[in-house]
Amino acid sequence: MSATKIPAFDPSSVAPVASWREHDHDSHGHVVQFYSEDHSLLETLGRFIGSALEAGDAAIVIATEAHRDGLAQQLKSRGLDVASTIQQGRYVPLDAVETMAEIMVAGWPDETRFANHIGRVITRARRAAEKAIQTDTSLLVESRVVAFGEMVALLWAEGKHPSAIRLEQLWNDLAKTHCFSLRCAYPMGGFHKQEHSEPFLKICAEHSAVIPGESYTSLKSEADRLRNISQLQQKAQALEAEIAQRKEAQESLRQRETALRDAEQHAAMGKLAAIIAHEINNPLEVIANVFFLLRDHPSLDDDARGLARIAEEEISRVRHIANQTLAFYRESEKPISVSLNQVLDGVLEIYARSMKSHGIAVEKNYSGNREILAHPVEVRQVFVNLIGNALQAMPDGGILRVGIHDSSESIRDSRRTGIRVNITDTGVGIPARYRDKLFQPFVTTKAEKGTGLGLWVSRELVQKMGGTIRFRSGSVRGKTRTSFSVFIPTGLVARERVS
Amino acid sequence: MSKRSSIRTATILCIDDEPTALSVRRMLLESAGYQVATAHSAEEGIQIFKSRPIDAVIMDYWLSGMDGIEAARALKRIRPAIPIVVLSALTELPGESIGAADRWLLKGEDPAYLLNAIDTLLESRA
C-alpha cells in the first residue's frame, strides 16, 4: 500500500506575497508607513531616500530634527555624501514644524499656501537634480523627486485629526500638477483608541499603498505572516468583544446612576413633602377642631354658626388639596403587606357618622381576607377618595356596596392575578359629558365643592401599584348605579395561549 | 346604664407635646361627652395611664422624647386591650409602626373621623 504524498502547503495560494522592499523603489504613488520604533522608520526611510539620491534623483524630507539627523546617519552609512547633495540642492531636508507654519492658516492646512510652498520646493529640487546630472553627463534627463513628510503625523499627535486628513488630500491634489513619489509615516502608538478606527481608515484610503508596522513587515516568511494575521484577527475579535462588553457596562452604569439620581430626587421630595405635610396638617387639625366645635356652639347665633360651617367646608378643601398633592411624594418606605379588608373597614368607619346621618346603608361583600404589598397610606387614600365620592353622590341616602374578590386581568397576552375592589353607589350618577375626562386633574362633577384632584390622584396611586381603575355609570329601569372598580395585581401567571 | 352612655362617659387620655392642639382636642372630645386626661409627653402619659382608669388613648405620632409608636407599644404591654389611636401629620407612617396602634389617622382630617374611631373602638370593647 503506497502512502499518498500530501503536497506542502503554499501560503501564497491563500494570501498575496508581500514584499515591503518593493515600495522603497516606488517611483510614483503615495505610500503610508506605520511604525512602532524610530529605528525601523529610519531604516526604511534610509533605503527610500538613499536609493533615490544614489540614482541622481531629488529627495525632499520634511521631518523632525531627530528624524532628519537619524536619516542623515543612515544615508552616510550607505556611503552617500549628504553635504554635497544638500549643496547641489537635490537633497532638501526641511523642518516639519517650520514648514507647517508656512502652510497653515488658523490651524487648518491652506490649499493655496501648500500648493505654492511645497510646489516650489519640489520644482527647485527637480531642477537641481537635473542640473547635477547635466554637469556630469551633458544629457538631458527628467529627474525623479521622492518626498517624505511627517507634518501629518505631527498634526495627528496633536489630536488635529481632520487637519491631518486634509493635509493628506492636499498632497494628493499636488500630485495632479507635480510628479513626485511620496512617503508618509505615522507612529502606530498614536492610534490606540477605539475612536481612532474611522480616521485611521480615512488615512489609509488617502494612500495608494499601506505598509504595516514592523511587527508584521519584519516577518521573514509568508507562513509567519499568515500566522501573524490570524493572531491579529483573534486579537481584533477579542478586543471588539471587550469593547462591546465595556460599552454595555458603561450603559448599565449610566442607567444605574440615573436611577440613583431619580431615587435621590424622589427621596428629597419625600422629605420636603413630609415637612410641608407636618407644617400644614398640625395647624389644620387645630383649626378644623375649632370650627367643628363652633358649628353647634350654643353661645353663637345662627348666622355665626353658618359662618363657622362655611369656614369648615373651606378648610376641608385645603386639607383635601394638601393631602392629594403631597400623596405622590412619600419618604422611601418599603411596601408592606396590607389587608384590603382592614383598609376598607377603616375607611367605612371614618365615614360611619356621615353615612348614618344621610341614611346610607352599607353592604359589604368580602371574599376572604385579601392582602397586597403596598404603602398603606396610599391604599387608604384611594378608597377614602372613592368612597367619599360615592357618599357625596347620595345626599338623600342610598346603598353603598363594597366588594373585594380575587380576579385576573388580561394585559396584552399576559394574564395577571390580583384583587378587585368594587365600590358601587345608588347616587346621582356621572353625567355622560364627564366620562371621557373623569380622571383628568381639575375635572369635577361637584361644581365648587370638588377640587378635581381625588380621582386623578387615585388613578395615579393605583397605577403606581401596577393596577388599573375603571368605572361604569348608568340607569336601569330608573335606578342609577355608579361603580368604580380597582384592580391591584398580586402576581403574574403564565402567559395566555394566543390562539 | 346603657352601652352607649357608658361609652360617652369613658375617659380618654390625650398625649401631645403641642399645648394648643392638646387643649382644642380636649374640648372636641369633651363636646362629644368624654372625660379627658391630658399629658404633654409619652413619659407623662404612661405615668397617668398607670395611675388612673383610662378607656382609650389618643396620641401624636411625633412626640419629643419617646415617640408615639414606642409609647403605644409600652401602653399595650401594660394593658394589651387598651384602644389606641395615633395621629400623624406625616403623609406616611413607617410601615412597621402601623400595627402598634388600633387606628392611625392623619391630622387635619375631618374631626368626625376621630370621634368615629373612638366610638367604634370603645363599642367593640364594651
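Residues numbered from 1 in each chain as written. Chains lettered and ligands numbered in written order. Predicted model: local features only at pLDDT ≥ 70, side-chain atom pairs only at ≥ 80, totals over all residues.

Quick word on the overall build of chain A
Then, number 1: Check the secondary structure of chain A and you find 15 helices and 15 strands.
Then, number 2: Taking all 499 residues of chain A together, the buried fraction comes to 29%. (Helix = DSSP H or I, 4+ residues; strand = E, 2+ residues; numbered from the N terminus. Buried ≥ 20, exposed ≤ 12 C-beta atoms within 10 Å, placed from the backbone.)

As for the overall build of chain B
Then, number 1: The helix and strand tally for chain B stands at five helices and five strands.
Then, number 2: N-terminal to C-terminal, the α/β element order of chain B is α-β-α-β-α-β-α-β-β-α.
Then, number 3: Counting every position in chain B, which comprises 126 residues, the buried fraction comes to 52%.
Then, number 4: Nonlocal contacts in chain B, meaning residues at least 24 apart in sequence, comprise 58% of its contacts between residues at least 6 apart. (Contact = placed C-beta atoms within 7 Å.)

Comments concerning the interface of chain A and chain B
Then, number 1: Facing 34 residues of chain A, the contacting portion of chain B comprises 27 residues.
Then, number 2: Secondary structure elements with two or more residues in the side of chain A that touches chain B: helix H10 (222-295), helix H11 (302-326), helix H12 (340-350), helix H13 (352-357) and helix H14 (376-392) of chain A.
Then, number 3: Per-element tally for the side of chain A that touches chain B: the top contributor is H10(A), with 15 residues.
Then, number 4: Partitioning the side of chain A that touches chain B into residue classes produces 17 nonpolar, nine polar and eight charged. (Nonpolar A, V, L, I, M, F, W, Y, C, P; charged D, E, K, R; others polar.)

Observations concerning the packing of H10(A) against helix H2 (residues 19-31) of chain B
Then, number 1: The contact between H10(A) and H2(B) brings their axes to 9 Å, and the two run at 30°. For the crossing formed where H10(A) meets H2(B), the hand is left-handed. Contact residues: A:Asn282, A:Glu285, A:Val286, A:Asn289, A:Val290, A:Phe292 and A:Leu293 in H10(A); B:Thr20, B:Ala21, B:Val24, B:Arg25, B:Met27, B:Leu28 and B:Ser31 in H2(B).
Then, number 2: Here the contact of H10(A) with H2(B) is built from residues that sort into eight nonpolar, four polar and two charged. (Axes fitted to C-alpha atoms, helices over the stretch in contact; angles between N-to-C directions. Left-handed = near helix turned anticlockwise from the far one by under 90°.)

Things to note about the sheet that holds strand E2 (residues 35-39) of chain B
Residue and element names in this part refer to chain B.
Then, number 1: Spatial strand order, E2-E1-E3-E4-E5: five strands in an open sheet with parallel pairing. In the strand order of this sheet, the two ends are held by E2 and strand E5 (103-106), each with one partner. The sheet shows a mean angle of 20° between the axes of neighbouring strands, direction not considered.
Then, number 2: Across five bridges, the pairing between strand E1 (residues 11-15) and E2 is parallel. In the strand pairing of E2, Leu13 is matched with Ala37.
Then, number 3: Across the sheet, helix H5 (residues 111-125) is in contact with E1, strand E3 (56-60), strand E4 (84-88) and E5; its angle to E5 comes to roughly 175°. (Pairing = 2+ DSSP bridges.)

A few points about the confidence of the model for chain B
The predicted coordinates ought not to be read in detail in places where the model reports low pLDDT.
Then, number 1: A residue-level look at chain B finds 86% of positions with pLDDT of 70 or above and a mean pLDDT of 85.
Then, number 2: As a predicted assembly, this complex carries a pTM of 0.52 together with an ipTM value of 0.85. (pLDDT = per-residue confidence, 0-100.)

A word on the nonpolar core
Then, number 1: Counting 79 residues, the largest nonpolar core has B:Val85 and B:Val86 as the members making the most contacts within it.
Then, number 2: Each of two domains, domain 2 (219-332) and domain 3 (334-499) of chain A, supplies a minimum of three residues to this core.
Then, number 3: Filtering out sequence-adjacent residues up to four positions away, B:Val85 remains in contact with B:Ile58, B:Ala101, B:Asp102, B:Arg103, B:Leu105, B:Leu114, B:Ala117 and B:Ile118.
Then, number 4: Core analysis: the next-biggest nonpolar cluster, separate from the first, contains 52 residues, A:Val31, A:Ala128, A:Phe148 and A:Cys184 among them. (Core = buried A, V, L, I, M, F, W, Y, C linked by C-beta atoms within 7 Å. Domains from an automatic or database assignment.)

Examining the pairing of strand E2 (residues 58-63) of chain A
All names here are of chain A.
Then, number 1: Here E2 lies mainly inside the structure; six of its six residues are buried.
Then, number 2: The alternating pattern of E2 places Ala58, Ile60 and Ile62 and Ala59, Val61 and Ala63 on opposite faces, both of which are buried.
Then, number 3: In the sheet, E2 pairs with strand E6 (residues 145-149) via five bridges, with the strands oriented parallel. If you follow Ala58 over to E6, its bridge partner there is Val145.
Then, number 4: Pairing geometry for E2 and strand E3 (residues 91-95), over five bridges, is parallel. Along E3, the bridge assignment pairs Ala59 with Tyr91.

Some thoughts on H14(A)
Then, number 1: For H14(A), which comprises 17 residues, the first-to-last C-alpha distance of 24 Å matches the rise-based estimate of 24 Å (1.5 Å per residue) to within 8%.
Then, number 2: The buried fraction of H14(A) is high, at 14 of 17 residues. (Expected span 1.5 Å × (residues − 1).)

Focus: the environment of A:Val92
Residues and elements named next belong to chain A.
Then, number 1: Mapping Val92 onto the fold places it in strand E3.
Then, number 2: Accessibility expressed as a C-beta count within 10 Å gives 19 for Val92, which makes it partly exposed.
Then, number 3: Here the alpha-carbon distance between Val92 and Ile122, two residues 30 residues apart in the chain, equals 9.2 Å.
Then, number 4: Residues within four places of Val92 in sequence aside, it is in contact with Ile60, Val121 and Ala125.

Side note on the environment of A:Gln194
Then, number 1: Within the secondary structure, A:Gln194 sits in the loop between strand E7 (181-187) and helix H8 (197-205).
Then, number 2: Separated by 46 residues in the primary sequence, A:Gln194 and A:Glu240 have C-alpha atoms spaced 9.3 Å apart.

Observations concerning the sheet that holds E7(A)
All names here are of chain A.
Then, number 1: With parallel pairing, six strands are arranged side by side in an open sheet as E3-E2-E6-E7-E1-E8. One side of each edge strand has no neighbouring strand; the edge strands of this open sheet are E3 and strand E8 (209-211). Neighbouring strand axes in the sheet, compared pairwise and without regard to direction, differ in orientation by 15° on average.
Then, number 2: The pairing of E6 with E7 spans four bridges and is classified as parallel.

A look at the confidence of the model for chain A
Then, number 1: Looking at chain A, the pLDDT average stands at 85 and 88% of residues meet or exceed 70.
Then, number 2: Segment residues 493-499 of chain A is flagged for pLDDT under 50; beyond a separation of four residues in sequence, or across chains, it makes nine contacts in the model.

Quick word on unusual backbone geometry
Among all residues except glycine, the phi angle is most often negative; among peptide bonds, the trans geometry is most common.
Residues and elements named next belong to chain A.
Then, number 1: Positive phi, close to 50°, is recorded for Ala106, a residue that is not glycine.
Then, number 2: Within the secondary structure layout, Ala106 lies in the loop between strand E4 (104-105) and strand E5 (108-109).
Then, number 3: The residue Arg477 is not glycine, and still its phi comes out positive at about 45°.
Then, number 4: Within the secondary structure, Arg477 sits in the loop between strand E14 (468-476) and strand E15 (479-495).

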